[in-house]
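One-letter residues, chain by chain:
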Amino acid sequence: MTPQDAAHVSAPRIEHHTRPLGIGEPTPRLSWWVATDQPDWRQAAYEIRIGQWTSGRIDSEQSVLVPWPAPPLTSREQADVRVRVWAADAAAPSAWSDTTRVEAGLLEPAAWVAGFVGSADSTVGDRRPILLQRLFTVRPELRRARVYATALGLYELEINGHRVGDEVLAPGWTSYHHRLHYRTHDVTDLLHPGENTITGWLADGWWRGEYGWNRVGERYGEDTALLVQLELHYADGTMERVVTDGEWVWAHGPIVRSGIYDGEHHDARIVVSGWEAVREKKAAKGELTAAAGPPVRRTETLRPRSVTRVDERTHLLDFGQNLAGRLRITVDGPAGTAIGLRHAEVIENGRLCLRPIRTADAHDVYVTAGTGVETWEPRFTYHGFRYAEVTGWPDDEIGPDDVVAVVVHDDMPEIGSFACSDPLLERLHENVRWSMRGNFVSVPTDCPQRDERLGWTGDLQVFAPTAAFLYDTTAGIGDWLADVAAETGEDGLVPLYVPHIATSFPQFHCAVWGDVTTVVPLVLLDRSGDAAPVAAGYATAQRWVDGCRRLLNDRDVIASGLQLGDWLDPAAPPDRPQQALTDPYLVATAYLAHSARLLARQARVLGTDPAPHDALADRVTAGFRREFVTATGRCVSDTQTAYALAIRFDLLTTAQRDHAGARLAQLVREAEFRIGTGFAGTPLVLDALTETGHLEEAYRLLLATGCPSWLYPVTMGATTIWERWDAMLPDGTINPGEMTSFNHYALGAVADWLHRTVAGLAPAEPGYRTIAVRPRPGGGLTHASARHLSPYGPITVAWQRTGATLEVTVEVPPGCTAIVELPDRPAVTVGSGSHRFTAPHRAADDDPIQPLPPREHF
């Protein structure tokens, strides 16, 4: 077998882009996989060819985010990239990979000639969407055409009546005063010689629309505006531009109103007329940047599971899945027929339950033109819903394709999966996935349905490991972290939600939430091998930790000021979610010690001095032990969360840790395996039990079905993760609290334990270059598996129990190694390829839970 036959090299990936058109990086990093049947295959060298330029052979094992070796790209420049590799001990290289074409966007401000334009109507409070248009001529022999576009507001473009691109809710939401994304589209095939028309639809979106639960509009500016730069490249080497300027015209179109919370009203009878000259608008304060992460796209459509007529004018549709998106209708009715679409996550007493969405109207209206079959979907809104009520339908019945749900979210590549022998646990995992899909809509939000939908930092902090396993999120989260950095004050105050808008909610140095700056960059490093988020966010993380250090008292603990603590602890009253059983200052002090250690690790990654951060971590750890833990390991807050934090953040002596683990297990058993944690404790409690020798208690806690528990919502028919453990009460009524979202991913952070401990797949080195294979069967499960598409290729870990035998299979991608540690067996290290292991195994669930020791034991 020749080297060319032995290894197949994938087409290079450009940074984290799935479509590297109009990128913003002049020296993008390159990654590739190798597919081979040869076991223990390792790369010894590579060569990169960029056009006619070649790097020559470079001796290196690296194949992930390799530095760009050629001169930097310039604006608009195209480059064809290929790579080939040498295996260890091979004299000849592999065949060249397939080619990836990369094209730079507009990399410097001087490349922009277009200006922002909008309507000449200055009526205060008039937020009706508008259309903008221009006619232009295309000469023969057009070779390529690119449009670079963004907006102050939300926009869609059409050329000659055809949609440009497939994005929705563009340009997305960023901290607009700091950064505004633009996108690049290839529109060559939409143009023809002669006269052409370019049209822009423009609406408020996040820029000017009412947003936040206090419903304030014009947060970023009073006017919406469009920015378009169309560049036409001809065979003779010339380029012509069509840009937004005074040559454009505007008019009101058929969209009568549009808001993200309240929905969209479209009157198809309206004929666009009365075009007027546009007015030039002020440029955005924020820097124009090419988006690094994926845009929001339509990713799936769902037919209704059932259609029920509830009164003479109303049909109730159940789509069988809670989701983020909107409805698409296909209807044939007389002109002027008004079809109403209302959305909700749950029903109560046979009708939509609208109380949980608070002031969000979530009401779309389409008025038919009466010209035959009409298909319509809103452009500039989205809703969180499983159920919809349709009013005014012109026929007695709604057919299965007449009204469909269109799922919209960030178009992230799916890279992780999990399966096991318990159907409820599999459904829980699927609920986690759907909640992530429903809340990664331009920014990682808390919920997709009510008058909120903000990028809460604490939610993402606890969920990041799960997110990074399920989807390729490095670019999207990394891009959002740039806004976190931009919004963080010099005093280290990290906003509770980013992008930050003023609401009635106070802002303060809040543990768990601000720790997004120390936790998440390292999660991205561990899961993707990318140290760039660490480098980009290090100064912000320093400011955050230093700001919290200034909160310490003379006993080296945080003991005053506002904190959200173990938010939504199940014992908290419905109207006071911050009143958890665990002392909020215990939570804050524990997190400061943890973040100081993580900051020290970030310093080591970047080659800077970690000593001051290590010293702070030791100082706060000592304060934590003095203030919050007895000599025997009893926490002053005798709660699941307190022990989970103390154990997982390594805040205890060895003796304290053993006793704390035993006490945590006792608390879980005394609670009859009901969960007792909120946002702070939930991601940690199962690991804390596992690490202290209480694996079966961890499984019993995971698999409980009573309220509160992870599986209770599943037994109640949930298809996403709930904000509250008891968002729906056992009698089917809705929790009376004001915050009752049925699509909130934070408590789904448990999925990370399913991946790492139940299936046994985790990174032992950044990017899974070394894989930790450590399955811990229990809970009566007979099999489990996880698959993850790592930067080096696919990884699979699967196990099954047959009698007293445990069988484990492992797939390791080329260039990687795996440390396989089965229960009660020494660890072994294996290289790439397929591996199978068998071992006698008696699971913890084979033995009954022992009776509780007397309280005085603790």
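Residues numbered from 1 in each chain as written. Predicted model: local features only at pLDDT ≥ 70, side-chain atom pairs only at ≥ 80, totals over all residues. Heavy atoms only, no water.

1. Some words on the overall build of the chain
- Looking only at helices and strands, the chain has 15 helices and 46 strands in total.
- Relative to the globule expectation of 29 Å for 858 residues, the C-alpha radius of gyration of the chain, 28 Å, shows essentially globular dimensions.
- Along the first, second and third principal axes, the C-alpha set of the chain runs to 85 × 75 × 55 Å.
- Expressed as a percentage of its 858 residues, the buried residues of the chain come to 60%.
- Long-range contacts, defined here as pairs at least 24 residues apart, represent 73% of the contacts in the chain between residues at least 6 apart. (Helix = DSSP H or I, 4+ residues; strand = E, 2+ residues; numbered from the N terminus. Rg over C-alpha atoms; globule rule 2.2 N^0.38 Å. Buried < 20%, exposed > 50% of the residue type's maximum accessible area, 1.4 Å probe, protein only. Contact = heavy atoms within 4.5 Å.)

2. Description of the confidence of the model for the chain
- In this model, the chain carries an average pLDDT of 96, and 97% of its residues clear a pLDDT of 70 or more.
- The model gives residues 851–858 a pLDDT under 50, and that stretch makes 15 contacts with residues more than four places away or in other chains. (pLDDT = per-residue confidence, 0-100.)

3. Brief notes about the sheet that holds strand β39 (residues 761–763)
- Strand order in the open sheet formed by 4 strands is β39-β40-β44-β45, and the pairing between neighbours is mixed. On the outer flanks of this sheet lie β39 and β45 (828–830), each paired with one strand and no other. Averaged over all neighbouring strand pairs, the angle between strand axes comes to 25°, with direction disregarded. (Pairing = 2+ DSSP bridges. Axes fitted to C-alpha atoms, helices over the stretch in contact; angles between N-to-C directions.)

4. Comments concerning unusual backbone geometry
- Residue Pro-171 is reached from Ala-170 by a cis peptide bond, and omega for that bond is 10°.
- With respect to the helices, strands and loops of the structure, Pro-171 is situated in the loop between β15 (162–163) and β16 (179–186).
- With a phi close to 65°, Glu-141 is a non-glycine residue in the positive phi region.
- Following the sequence through the fold, Glu-141 ends up in the loop between β12 (130–138) and β13 (142–152).
- Not every positive phi belongs to a glycine, and Ser-442 is a case in point at roughly 75°.
- With respect to the helices and strands, the residue Ser-442 is situated in the loop between β37 (440–441) and β38 (443–444).

5. Some words on the sheet that holds strand β14 (residues 154–159)
- What the 6 strands build is an open sheet, ordered β15-β14-β17-β12-β20-β23; its pairing is antiparallel. The outermost strands of the open sheet, each flanked by one partner alone, are β15 and β23 (276–277).
- Two elements, β14 and β15, share 2 bridges in a ladder whose sense is antiparallel. Within β15, the residue paired with Glu-158 across the bridge is Arg-163.

6. Observations regarding the packing of aromatic side chains
- One pass over the structure, following the stated rule, counts 25 aromatic pairs.
- With a centroid separation of 5.1 Å and 75° between ring planes, the pair formed by Trp-173 and Tyr-211 is classed as edge-to-face. Highlighted residues: Trp-173 in the loop between β15 and β16 and Tyr-211 in the loop between α2 (205–208) and β18 (225–234), separated in sequence by 38 residues. Here Trp-173 matches Tyr-211 in class, with each residue buried.
- Relative to Tyr-497, the ring of Trp-213 lies with its centre 6.4 Å away and its plane at 75°, an arrangement referred to as edge-to-face. Here Tyr-497 lies in the loop between α5 (474–487) and α6 (516–528) and Trp-213 lies in the loop between α2 and β18, a separation of 284 residues in the sequence.
- What makes Tyr-497 buried here is its relative accessible area of 0%.
- Every member of this aromatic cluster is reached through a ring pair, and the members are Trp-173, Trp-206, Tyr-211 and Tyr-261.
- Across the ring face of Tyr-382, the terminal group of Arg-453 is positioned such that the distance to the ring centre comes to 5.0 Å.
- The ring centre of Phe-673 lies 4.1 Å from the NZ or CZ of Arg-700, which sits over that ring. (Phe/Tyr/Trp six-rings, centres within 6.5 Å; stacked < 30°, edge-to-face > 60°. Lys NZ or Arg CZ within 6 Å of the ring centre and 35° of its normal.)

7. Notes on helix α8 (residues 584–606)
- Helix length check: α8, at 23 residues, gives a terminal C-alpha distance of 32 Å against a target of 33 Å (1.5 Å per residue), a fit within 8%.
- Between the side-chain oxygen at the start of α8 and the backbone nitrogen of Tyr-585 there is a gap of 2.8 Å, and the oxygen is on Asp-583.
- In the stretch just after α8, Gly-607 is the one whose phi turns positive, near 75°. (Expected span 1.5 Å × (residues − 1). Polar contact = N/O pair within 3.5 Å; in protein donor to acceptor, adjacent residues only side chain to side chain.)

8. Some points on the nonpolar core
- Grouped together as the largest cluster of nonpolar side chains are 179 residues, with contacts concentrated most on Leu-702 and Trp-710.
- Here the element with the most residues in this core is α8; it accounts for 11 residues.
- Not counting residues up to four positions away in its chain, the partners in contact with Trp-710 are Leu-428, Ile-675, Thr-682, Val-685, Leu-686, Leu-701, Leu-702, Trp-725, Leu-747 and Val-750.
- In terms of nonpolar packing, the next biggest core, distinct from the first, is built from 28 residues, Leu-132, Val-138, Val-147 and Val-242 among them. (Core = buried A, V, L, I, M, F, W, Y, C linked by side-chain atoms within 4.5 Å.)

9. Brief notes about a negative patch on the surface
- A surface patch of negative charge is lined by Asp-332, Asp-395, Asp-396 and Glu-397.
- Examined against the element boundaries, Asp-395 turns out to sit in the loop between β34 (383–391) and β35 (403–410).
- On the accessibility criterion, Asp-395 (39% relative accessible area) is partly exposed. (Patch = residues over 30% accessible without salt bridge, like charges linked within 9 Å, V, L, I, M, F, W, Y side chains within 5 Å. Areas by Shrake-Rupley, 256 points an atom, 1.4 Å probe, with all protein chains shown as cover. Salt bridge = Lys/Arg side-chain N within 4 Å of Asp/Glu carboxyl O. Lys, Arg positive; Asp, Glu negative; His and termini not counted. Charge placed at Lys NZ, Arg CZ, Asp CG, Glu CD.)

10. So, the pattern of salt bridges
- Tallied over the full model, the rule gives 68 salt bridges.
- Note that Glu-240 is salt-bridged to Arg-139, the shortest N-O span being 2.9 Å. Taken as a pair, Glu-240 in strand β19 (residues 239–243) and Arg-139 in the loop between β12 and β13 lie far apart in primary sequence, 101 residues in all.
- For Glu-240, a relative accessible area of 28% translates into the label partly exposed.
- Exposure remark for Arg-139: the relative accessible area of 29% places this residue in the partly exposed category.
- Notably, a salt bridge pairs Asp-411 with Arg-297, separated by 3.0 Å at the nearest N-O pair. With Asp-411 in the loop between β35 and β36 (416–420) and Arg-297 in strand β26 (residues 296–302), the pair connects residues that are 114 residues apart, well separated along the chain.
- Looking at Asp-411, the relative accessible area reads 26%, which means it is partly exposed.

11. Brief notes about the packing of helix α3 (residues 423–439) against helix α4 (residues 457–470)
- At their nearest, the axes of α3 and α4 sit 11 Å apart, and the two run at 95° to each other. Looking at the two axes, α3 sits roughly perpendicular to α4. The residues of α4 that touch α3, namely those facing His-429, Val-432, Arg-433 and Met-436, are Phe-463, Thr-466, Ala-467 and Leu-470.
- Class assignment of the residues belonging to the contact of α3 with α4 gives a composition of 5 nonpolar, 2 polar and 1 charged. (Parallel < 35°, antiparallel > 145°, perpendicular 65-115°, else oblique. Nonpolar A, V, L, I, M, F, W, Y, C, P; charged D, E, K, R; others polar.)

12. Here we look at helix α15 (residues 751–759)
- With respect to burial, α15 is a largely interior element, 8 of its 9 residues being buried.
- Residues Ala-751, Asp-752, Trp-753, Leu-754, His-755, Thr-757, Val-758 and Ala-759 constitute the buried set of α15.
- With its phi angle positive at about 95°, Gly-760 sits one or two positions after the end of α15.

13. Comments concerning the packing of helix α13 (residues 695–703) against α15
- In contact at an axis separation of 13 Å, α13 and α15 are set at 140° when each is read in the N-to-C sense. In terms of their interaxial angle, α13 and α15 are classed as oblique. For the element pair α13 and α15, the recorded crossing hand is left-handed. Together, Leu-695, Ala-698, Tyr-699 and Leu-702 of α13 and Trp-753, Leu-754, Thr-757 and Val-758 of α15 make up the contact between the two elements.
- When the residues that make up the contact of α13 with α15 are grouped by side-chain class, the tally is 7 nonpolar, 1 polar and no charged. (Left-handed = near helix turned anticlockwise from the far one by under 90°.)

14. A closer look at the environment of Ala-532
- Tracing the sequence through the fold places Ala-532 in helix α7 (residues 532–549).
- Ala-532 gets classed as partly exposed once you look at its relative accessible area, which sits at 32%.
- In the structure, Ala-532 is positioned 451 residues away from Val-81 in sequence and 22 Å away in space, judged by C-alpha atoms.

15. Points about the environment of Leu-806
- Along the chain, Leu-806 turns up in strand β43 (residues 805–812).
- Taking C-alpha positions, Leu-806 is 5.5 Å from Thr-838, a pair spaced 32 residues apart along the chain.
- If we skip the residues at most four places from it in the chain, Leu-806 touches Pro-777, Trp-799, Gln-800, Arg-801, Pro-823, Phe-837, Thr-838, Ala-839 and His-841.

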